[in-house]
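Now for the letters of each chain:
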Amino acid sequence: MNVAMIGRGRVATHMSKALLKAGNGVVSVNSRTLEELPQDADVYIIAVKDSALQDVIRQLTNLLKTKNDAPLIVHTAGSMPLSVFEGYAENGGVFYPMQTFSMKREVDFREIPLFIEGKDKRIRELAESISEHVYELSSDDRKYLHLAAVFACNFTNHCYTLAAEVLEKKGLPFDVMLPLVDETARKVHELHPHDAQTGPAVRGDENVMNAQAALLDGRNKEIYELLSKSIQER
């Protein structure tokens, strides 16, 4: 398919590479230069921040309103519903890759779960050209999927940042954590996360928890105590 990618951020960059590798034609434009957009694309993929999505949809549909056939327009946002297309595009859809993307790290898009929504059959066809794990999911259910991803990825990575700060104060590199981080991630391939939990909180070791909390102050101490309490409650 001929694809026009609107956006040049991390999602747009990695998805464009995957689409090209799968044999699709891809033209990438910045969301601020839609006048450069090709008018003959089969699919328009909008990969911009959530706050800009509605405005980009409006601009895009205004540019394409003279076309006789309705092109497929999809967005890649995990937290935005299919209904953002109402009143603008009949052939709207969702094309959400559930993965964390960084510019300096390559990913294998074939292994990334891709969650789709919409009536147009081209959505699945395009999704299956780049991923071996394609799922149809409603907007309502996708809100919970995205929430789970924030806990599993974003919050976890923030905890890595907090750990790095603790280590840096004593001149230790974060590298010493990597075997622990890797084994923690590997375990949940075989065990339910609840069964894989270890540490002083799950053991109910109040002496250790109190001693560690005393090493912290302010917000970090609050986070430590809140997470410890959440582990114990489960």
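Just above sits the structure.
Residues numbered from 1 in each chain as written. Predicted model: local features only at pLDDT ≥ 70, side-chain atom pairs only at ≥ 80, totals over all residues. Heavy atoms only, no water.

### Points about the overall build of the protein
A count of helices and strands for the protein gives 9 helices and 7 strands. Judged by the C-alpha coordinates and their principal axes, the protein covers about 70 × 35 × 30 Å. Sequence-distant contacts, at least 24 apart, represent 52% of the contacts inside the protein between residues at least 6 apart. As displayed, the protein offers around 14,600 Å² of accessible surface, 52% of which is attributable to carbon and sulfur atoms. (Helix = DSSP H or I, 4+ residues; strand = E, 2+ residues; numbered from the N terminus. Contact = heavy atoms within 4.5 Å. Areas by Shrake-Rupley, 256 points an atom, 1.4 Å probe, with all protein chains shown as cover.)

### A look at the side chain of His75
Secondary-structure assignment places His75 in strand β4 (residues 72-75). When its relative accessible area of 0% is taken as the criterion, His75 is described as buried. Polar contacts involving the side chain of His75 include one to the main-chain amide nitrogen of Ala77, which spans 3.1 Å. Once residues lying within four places of it in the same chain are set aside, the contact partners of His75 are Ile46, Leu53, Met80, Pro81, Val84, Phe85, Gly93, Val94, Phe95 and Arg142. (Buried < 20%, exposed > 50% of the residue type's maximum accessible area, 1.4 Å probe, protein only. Polar contact = N/O pair within 3.5 Å; in protein donor to acceptor, adjacent residues only side chain to side chain.)

### Regarding a nonpolar patch on the surface
Taken together, the side chains of Tyr144, Leu147, Phe151 and Phe155 present a nonpolar region at the surface, about 460 Å² in accessible area. Within the secondary structure layout, Phe151 lies in helix α4 (residues 139-168). (Patch = residues over 30% accessible without salt bridge, like charges linked within 9 Å, V, L, I, M, F, W, Y side chains within 5 Å. Salt bridge = Lys/Arg side-chain N within 4 Å of Asp/Glu carboxyl O.)

### Some words on the packing of aromatic side chains
Per the counting criterion, the structure on display carries 5 aromatic pairs. Their ring planes at 35° and their centres at 6.4 Å tell us that Tyr96 and Phe115 sit as a pair that is tilted. A residue pair is termed long-range when its members are at least 10 positions apart, and Tyr96 in strand β5 (residues 92-97) and Phe115 in strand β6 (residues 113-117) qualify at 19 residues. With relative accessibility at 7%, the residue Tyr96 sits in the buried group. With a relative accessible area of 10%, Phe115 lands in the buried category. Seen in terms of ring centroids, Phe101 and Phe109 are 5.9 Å apart; in terms of plane orientation they differ by 20°. Their pairing is stacked. Looking at Phe109, the relative accessible area reads 5%, which means it is buried. By the ring-pair criterion, three or more aromatic residues cluster together here, those being Tyr96, Phe115 and Tyr135. (Phe/Tyr/Trp six-rings, centres within 6.5 Å; stacked < 30°, edge-to-face > 60°.)

### Topic: the side chain of Ser16
Within the secondary structure layout, Ser16 lies in helix α1 (residues 10-21). By relative accessible area, Ser16 is classed as buried at 10%. One polar contact links the side chain of Ser16 to the main-chain carbonyl oxygen of Ala12, over a distance of 2.7 Å. Those residues in contact with Ser16, other than ones at most four positions away along the chain, are Met5 and Val26.

### Brief notes about the pattern of salt bridges
According to the stated counting rule, one finds 11 salt bridges in the structure shown. Across the pair Arg110 and Glu132 runs a salt bridge, and its minimum N-O distance is 3.8 Å. Of this pair, Arg110 sits in the loop between β5 and β6 while Glu132 is found in the loop between α3 (121-130) and β7 (133-136), placing the two residues 22 residues apart along the sequence. We note a salt bridge from Arg122 to Asp120, for which the minimum N-O separation is 2.8 Å. Via salt bridges that share partners, Arg124, Glu128 and Glu136 belong to a single interconnected network.

### Focus: the environment of Val74
Among the secondary structure elements, Val74 is positioned in strand β4. Look past the residues within four positions of Val74 in its chain and what remains in contact with it is Val43, Tyr44, Ile45, Ile46, Phe85, Gly93, Val94, Phe95 and Ile123.

### Concerning the sheet that holds strand β3 (residues 43-46)
Taken in spatial order, the 7 strands make up an open sheet running β2-β1-β3-β4-β5-β6-β7, and their pairing is mixed. Two strands close off the open sheet at either side, each with one partner strand: β2 (25-29) and β7. Each strand axis lies, on average, 25° off the axis of its neighbour in the sheet, ignoring direction. Here β3 pairs with β4 via 4 bridges, running parallel. Looking at β4, one finds that Tyr44 is bridged to Ile73. On top of the sheet, α1 reaches β1 (2-6), β2, β3 and β5; it is set at about 170° to β1, its chief contact. Across the sheet, helix α2 (residues 50-64) touches β1, β3 and β4, and the angle it forms with β3 is around 160°. (Pairing = 2+ DSSP bridges. Axes fitted to C-alpha atoms, helices over the stretch in contact; angles between N-to-C directions.)

### Some details on the pairing of β2
As defined by bridge partners, β1 adjoins β2 across 5 bridges and the pair is classed as parallel. Bridged to Ala4 within β2 is Val27. Each parallel crossover has a hand, and the one from β1 via α1 to β2 is right-handed. (Right-handed = clockwise from strand over helix to strand, strands pointing away.)

The quantities given are spatial measurements derived from coordinates; they are silent on function.
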